Amino acid sequence: MPKDSGIGASPKRREDIRFLSGTGNYTDDMNINGQAYVHFLRSDVAHGRIKSINLDAANAMPGVVKIFTGADFEGVGGIPCGWEVTDKHGQPMQEPAHPVLAQGKVRYVGDQIAAVVAESVEQARDAAEAIEVDIEELPAVVDMKAALEEGATKVHDDLTSNLCYDWGFVEENKPAVEAAFAEAAHVTTLELRNNRLIANPMEPRVAIGDFERASGNSTLFTTSQNPHVIRLLMGAFVLGIPEHKLRVVAPDVGGGFGTKIFHYAEEAFCTFAAKALNRAVKWTSTRSEAFISDAHGRDHVTTIQLALDADNNFTAVRTDTHANMGAYLSTFAPSVPTWLHGTLMAGNYKTPLIYVNVKAVFTNTVPVDAYRGAGRPEATYQLERVIDKAALELGVDPIALRRQNFITEFPYATPVAVEYDTGDYHGTMDALEKMVDLSGFEARRKESEARGKLRGFGVNCYIEACGIAPSNLVGQLGARAGLYESATVRVNATGGLVVMTGSHSHGQGHETAFPQVIAEMIGIDESMVEIEHGDTDKAPMGMGTYGSRSLAVGGSAMVRATEKIIAKTKKIAAHLLEAAEADIELKDGAFSVAGTDKSVAWGDVTLAAYVPHNYPLEDIEPGLEETAFYDPANFTYPSGAYACEVEVDPETGKVTIESFNAADDFGNIVNPMIVDGQVHGGIGQGIGQALLENASYDENGQLLSASYMDYAMPRASDVPFYGVDHSSQTPCTHNPLGVKGCGEAGAIGSPPAVVNAVVNALRSGGHDITHIDMPVSPQRVWQAMQG
Amino acid sequence: MYNFEFEKPSTTADAVAALADEDASALGGGQTLLPTMKQRLASPSKVVSLTGISEMQGVCMGDDGSVCIGGATTHAAVAAGASAYPALAALAGGIGDPAVRARGTVGGSLANNDPAACYPAGALGSGATIVTNAREIAADDYFQGMFTTALDEGEIITEVRFPVPEAANYQKFEQPASRFALVGVYVAKYADGVRVAVTGASEEGVHRWTAAEEALSANFSADAVPAAPGADGMIADLHGTAEYRAHLVAVLTKRAVAAAS
Ligand SMILES: Cc1cc2nc3c(=O)[nH]c(=O)nc-3n(C[C@H](O)[C@H](O)[C@H](O)COP(=O)(O)OP(=O)(O)OC[C@H]3O[C@@H](n4cnc5c(N)ncnc54)[C@H](O)[C@@H]3O)c2cc1C
């Protein structure tokens, strides 16, 4: 019998009532009395020197309150980068200044030149058109390899080159890796591109700055996955406002996929301008603006090599990656191609020697940062594609080759500095094989062929590191923040609870899943628990939601705080029942004395805490509220095996996904329905990356796919009904819930399976193809078939 | 969007009068014009909606057996109402998404003559007559290259007359992002010959593929479709090279013939 409440049950998402009925409260739904509106004048050239900005005509336009330019921000801090990577020579990365408004130069199409504050959005736009900007256009740096050539135009004049860092990992392993390649019985080499993506959350970014003159307090309402992080970054590094004078609120957030983690110039601008003008200032991104101002994702070009011995055991992996940073360093950008990518290059396999080289490069493009999976999809894609290619070259079954090399003993220390606590890779592969009906594949292929279509099957595994992350570890790796989480659990007199968590849902369903955990712990109904999040004035501190960390880290903090509550209520219950504390048991919302029929209800105990007439005042304080900070001991390591079956129309090159099956190991699962939904959405995004999405720049740095006319998002008809299985569960050993995180897995695990399947289909049609770059569009498939 | 005057007349004559102003623009379903205005790429001083003109609405049968569609008839209405010409109804039913079809109009589509739009292929492939407030224009004279037509300033498409063929079919290969036609081919077989109109492919906009028309007029079968046309003058962009588009023209023509016969 499936449970109907608590851990393991699938109650419907309570937040969906408001999301689906149009009653959510998103940032753009908020309006503050007397607010003005800002429109940003953005660069339409990729690289240029600003020779002059003439505001005379614009200032005279109706409704203009004030026009700001870079000159107004002299002496104000720049947008900080939250992660410092050290290169292979032990030197810190090159870190350019990142001004709120352009100072002297524009560096990408979309870079903000001026900000027009006016009484209405349309007036602000009208005035922006009247600004005369004289820009001397400079050659644009777009291609990463060309950017690193001698004499290439520099994106930042004050840096020595366009190289942000040249990272070697693990540098000491390099000679041993080289030796292993020299001795290998077989080496498979693959060059590939991990295509640049634009997150496109349904809700575009919005920021409202507000200022209260009486108190001198600033408030920023923003579409953020982590309001506390924004408060710290913006307050401390940009505007110089201490935390107690700055509140950051992110109400309902309509999707983020990473792109709403980062601190953006528009947020700092609105907060700054509100104070300068003594009135609220609101910015709402248009969809067109989002394409050129939201941080992009991925954009790696890699050569990966896999060495095997004569028995097809993996002996070494070596990679050489160019990672695009765009024009400036976004908040976590340097960590994505390094610590979130290099550390995953062991995958599910016991490859003993690995060396990863990453050159991060500045170009005249929108900054690139974390996007669902962040680094891990790039690692998975390389590894799972090169393994398939090796299987082809060696004429062995790709599943057998993977199984032969699986890690089977845990904990397992990889050669790339992480230790997997648990996993069962054969278990997830077994679960997958049960779902996919491999034995029927040949018949399905024949049936497709009879219709003139090519059918292909592709499989891949993935491992990811999430639940980020131990603060002391990430500190050593260059993070300029800790990655714990906090929770305050407030129990009211009549027994209901409010959890103020530093995690912040941007669609994941925390309001439903978190109460399930507490309901289970106390034995009360979920409806007695409410989640508060997204407001720095409520939760004590929060590192926010990304890296599939909310339940593993934020949920663990909530468990710890609830444990403190339970400990205290047991004391109160012992007093009320005149029994020893050690004999008190909490079950089904009542405290009882072991071995007796004496009991007291949860609500009577909580009432006693607030009406402490009969209460152990000498031992404990009245009231019932506890806070916990939880810092994880390790990453969590979800893993899985995915399979995709495609049909290719050889006449047009069009790929149709016939089936997609996913077997994941997420450890313990709190709400299976929400987990299914996360996997579905992730696979949808992965299929989007594999088949459709591509942010494409021309050689002048113009974004060609700058609207939905050219940027292809996956739609319902592009994806199949998914098969999802999470029966293989090896609980995480180091967090109290044994959970691993499921938010990114789908996006990490799905692209290689799709491409593997397409290659398999084309080969069945006699085409000698070993690789096609993503997105595997009809045009590319057709081109590949032409030889 | 810039400010503009708005009028919604109820007769064609009033609409023509309202459009006499310089910089006035007709508004059909607004599926092209409004996004362009929102992006400030168009700034008509006056917008004259044609959707309140009842004489420009609806699908009916002409005395000569042609299907007549009012210039302000939506794609959804054509999809549902042009059962006398199933290939055309299917074309209309395949445009955009339900929201677009509920607003977009045949007149707007033909006036705009987007090189990747579907209706131009249907009209040219059917040898339709474009009826305006001033005259009747044969489709062969109407389409004059990408976004260019025979319409004069302020001229309104009031009706489009489609002769009903013996067999017809439209094959649209979708551009992955916009889902307009990356290439679309409309094939219609009439007593006096076969017409093949191609959209999405050429830098000249919608055009007839005469080599295919000749071959198919002699032998209306997929096997008769000639080899792909040359890639010269074909559109090349993010979604397809000129060669790919030329290749698709032949593939889709074959499929249209197979589906029509
Ligand atoms: C998301 C989306 C997807 C789409 N997909 C497709 C597709 O797959 N295939 C396709 O063919 N089209 C597609 N379209 C275009 C759409 O179908 C409309 O047909 C097209 O936008 C124009 O029609 P409209 O009635 O909206 O014209 P409007 O936008 O109102 O007007 C367009 C132009 O035509 C003029 N005009 C309008 N009506 C008349 C008239 N009766 N006489 C003279 N001039 C007139 C206007 O002045 C304006 O210049 C899509 C549009 C969108 C937004």
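Residues numbered from 1 in each chain as written. Chains lettered and ligands numbered in written order. Predicted model: local features only at pLDDT ≥ 70, side-chain atom pairs only at ≥ 80, totals over all residues. Heavy atoms only, no water.

Asker: Account for the domain arrangement of chain A, naming residues and giving values.
Answerer: The figure often quoted for interface size is the accessible area lost as the parts come together. All names here are of chain A. Taken domain by domain, chain A comprises domain 1 (34-138 + 200-293), domain 2 (376-463 + 636-785) and domain 3 (484-630). Here the C-alpha centre of domain 3 lies 40 Å away from the C-alpha centre of domain 1. Each partner contributes to the roughly 1300 Å² buried at the junction of domain 1 and domain 3, and carbon and sulfur atoms together form 53% of this total. Looking only at domain 1, the three residues that lose the most surface to domain 3 are Gln225, His228 and Arg247, adding up to 44% of its buried area. (Domains from an automatic or database assignment. Buried area = accessible area lost by both parts, 1.4 Å probe.)

Asker: Which residues make up the site of the ligand, and what values go with them?
Answerer: All names here are of chain B. With respect to spatial proximity, 29 residues lie near the ligand, and among them Ala26, Gly29, Thr32, Thr105 and Cys118 are the closest. If the ligand stood free it would expose 960 Å²; the protein chains cover 87% of that surface. Elements represented by at least two residues in the shell around the ligand include exactly strand E2 (24-27) and helix H6 (106-112). Looking at side-chain class alone, the shell around the ligand contains 13 nonpolar, 13 polar and 3 charged residues. Composition of the shell around the ligand by domain shows at least three residues from each of domain 1 (1-49) and domain 2 (167-260). (Near = heavy atom within 4 Å. Areas by Shrake-Rupley, 256 points an atom, 1.4 Å probe, with all protein chains shown as cover. Helix = DSSP H or I, 4+ residues; strand = E, 2+ residues; numbered from the N terminus. Nonpolar A, V, L, I, M, F, W, Y, C, P; charged D, E, K, R; others polar.)

Asker: Summarise the interface of chain A and chain B; cite the residues concerned and give the values.
Answerer: Each side of the interface is counted separately: chain A has 25 residues, and chain B has 22 residues. Here chain A and chain B share an interface that buries about 2000 Å² over both sides, 49% of which is from carbon and sulfur atoms. Across the contact surface, chain A and chain B share 6 salt bridges. Where Asp718 of chain A meets Arg179 of chain B, a salt bridge forms, and the shortest distance between an N and an O atom there is 3.1 Å. Summed over the shared surface of chain A and chain B, the number is 18 residue pairs in polar contact (both at pLDDT 80 or more). (Contact = heavy atoms within 4.5 Å. Salt bridge = Lys/Arg side-chain N within 4 Å of Asp/Glu carboxyl O. Polar contact = N/O pair within 3.5 Å; in protein donor to acceptor, adjacent residues only side chain to side chain.)

Asker: Lay out the UniProt feature "domain: FAD-binding PCMH-type" (unreviewed entry) in chain B with the relevant residues and their values.
Answerer: According to UniProt, the feature "domain: FAD-binding PCMH-type" (unreviewed entry) maps to residues 1-167 of chain B in the numbering used here. As annotated, residues 1-167 of chain B has a helix share of 32% and a strand share of 19%, and its two end C-alpha atoms lie 45 Å apart. (UniProt positions renumbered as here; feature names shortened; annotations may be inferred.)

Asker: Could you give an account of the environment of Gly542 of chain A, with specific residues and numbers?
Answerer: Within the secondary structure, Gly542 of chain A sits in the loop between strand E23 (529-532) and helix H15 (550-577). Beyond its immediate chain neighbours, meaning those up to four positions away, Gly542 of chain A contacts His228, Val229, Glu485, Ser486 and Gly502 of chain A.

Asker: Mind laying out the packing of helix H12 (residues 441-450) of chain A against helix H19 (residues 751-764) of chain A, listing which residues take part and the relevant values?
Answerer: All names here are of chain A. With their axes 12 Å apart at the nearest point, H12 and H19 run at an angle of 65 degrees to one another. Our pair here, H12 against H19, has a crossing hand that is right-handed. Along the contact surface, H12 presents Phe441, Arg445 and Glu449, while H19 presents Asn760, Ala761 and Ser764. Residue composition of the contact of H12 with H19, by class: 2 nonpolar, 2 polar and 2 charged. (Axes fitted to C-alpha atoms, helices over the stretch in contact; angles between N-to-C directions. Left-handed = near helix turned anticlockwise from the far one by under 90°.)

Asker: Report on the pairing of strand E10 (residues 206-212) of chain A, specifying residues and quantitative values.
Answerer: Residue and element names in this part refer to chain A. Taking burial as the measure, the 7 residues of E10 include 5 buried ones, the bulk of the element. One ladder, built from 4 bridges, connects E10 with strand E13 (residues 281-284); its direction is antiparallel. Looking at E13, one finds that Val206 is bridged to Thr284. Strand direction decides the pairing type here: E10 and strand E11 (residues 217-222), joined by 6 bridges, are antiparallel. Bridged to Gly209 within E11 is Leu220. Counted along the chain from E10 to the antiparallel partner E11, the turn is 4 residues long, and its residue Gly216 has a positive phi close to 75 degrees. (Buried < 20%, exposed > 50% of the residue type's maximum accessible area, 1.4 Å probe, protein only. Pairing = 2+ DSSP bridges.)

Asker: How would you explain the confidence of the model for chain B if you had to name every residue and give the values?
Answerer: Per-chain confidence: chain B averages 97 in pLDDT, with 100% of residues scoring 70 or above. Under the prediction, the complex receives an ipTM of 0.96, its pTM being 0.97. (pLDDT = per-residue confidence, 0-100.)

Asker: Go over the packing of aromatic side chains with me, naming the residues and quoting the values.
Answerer: For the structure shown, the criterion picks out 33 aromatic pairs over all chains. Aromatic pair Phe291 of chain A and Tyr708 of chain A: ring centres 5.4 Å apart, planes at 75 degrees, arrangement edge-to-face. Pair noted here: Phe291 of chain A is in helix H8 (residues 287-293) and Tyr708 of chain A is in the loop between helix H17 (672-692) and strand E30 (722-725), with a separation of 417 residues, a long-range link. A relative accessible area of 32% means that Tyr708 of chain A is categorised as partly exposed. Taking the centre distance of 6.0 Å and the plane angle of 55 degrees together, the rings of Phe441 of chain A and Phe457 of chain A count as tilted. Highlighted residues: Phe441 of chain A in helix H12 and Phe457 of chain A in strand E20 (residues 454-463), separated in sequence by 16 residues. Accessibility assignment for this pair places Phe441 of chain A and Phe457 of chain A in one class, buried. Put simply, the rings of Phe40, Phe68, Phe73, Phe269, Phe272 and Trp283 of chain A pair up and form one aromatic cluster. Residue placement shows Arg40 of chain B over the ring face of Tyr2 of chain B; its charged tip is 4.5 Å from the ring centre. (Phe/Tyr/Trp six-rings, centres within 6.5 Å; stacked < 30°, edge-to-face > 60°. Lys NZ or Arg CZ within 6 Å of the ring centre and 35° of its normal.)

Asker: Which residues make up the UniProt feature "domain: Aldehyde oxidase/xanthine dehydrogenase a/b hammerhead" (unreviewed entry) in chain A, and what are the values?
Answerer: The feature "domain: Aldehyde oxidase/xanthine dehydrogenase a/b hammerhead" (unreviewed entry), as given by UniProt, occupies residues 21-139 of chain A in the numbering adopted here. For the annotated span residues 21-139 of chain A, helix accounts for 11% and strand for 29% of the residues, and the straight-line distance between the end C-alpha atoms is 50 Å.

Asker: Give a detailed account of the pattern of salt bridges, specifying residues and quantitative values.
Answerer: With the rule as written, the count across this model stands at 63 salt bridges over all chains. A salt bridge links Arg208 of chain B to Asp140 of chain B; the nearest nitrogen and oxygen atoms lie 3.1 Å apart. With a gap of 68 residues between them, Arg208 of chain B in strand E12 (residues 207-208) and Asp140 of chain B in helix H8 (residues 139-142) connect regions that are remote in the sequence. Arg208 of chain B gets classed as partly exposed once you look at its relative accessible area, which sits at 28%. Residues participating in the shared-partner salt-bridge network are Asp437, Arg444, Glu447, Arg451, Arg455, Glu645 and Glu647 of chain A.

Asker: Could you give me a rundown of empty space enclosed by the protein, with the residues and numbers involved?
Answerer: Residue and element names in this part refer to chain A. Counted by the stated rule, this structure contains 4 cavities of 30 Å³ or more. Put simply, the largest cavity is a space of about 140 Å³. In terms of lining, the largest cavity is formed by 17 residues, of which the most central are His98, Tyr108, Tyr264, Ser293 and Pro367. Classifying every residue of the lining of the largest cavity by side-chain character gives 7 nonpolar, 6 polar and 4 charged. (1 Å grid on protein atoms, 1.4 Å probe; cavity = no way out; pocket = protein on both sides within 12 Å on 5 of 7 lines; lining within 4 Å. Points joined across faces, edges and corners; volume = space filled by probe spheres on them.)

Asker: Explain the domain arrangement of chain B residue by residue, including any values.
Answerer: According to the domain assignment, chain B consists of domain 1 (1-49) and domain 2 (167-260). One C-alpha centre belongs to domain 1 of chain B, the other to domain 2 of chain B; they are set 34 Å apart.

Asker: For the sheet that holds E2 of chain B, give the residues involved together with the corresponding values.
Answerer: Residues and elements named next belong to chain B. The strand order E1-E3-E2 describes an open sheet built from 3 strands, whose pairing is parallel. The open sheet is flanked by strand E1 (5-7) and E2, the only strands paired with a single partner. On average, each strand axis in the sheet is tilted by 20 degrees relative to the strand beside it, whichever way the strands run. Here E1 runs beside strand E3 (residues 46-49); their pairing, made up of 3 bridges, is parallel. Counterpart to Phe6 in the pairing with E3 is Val47.

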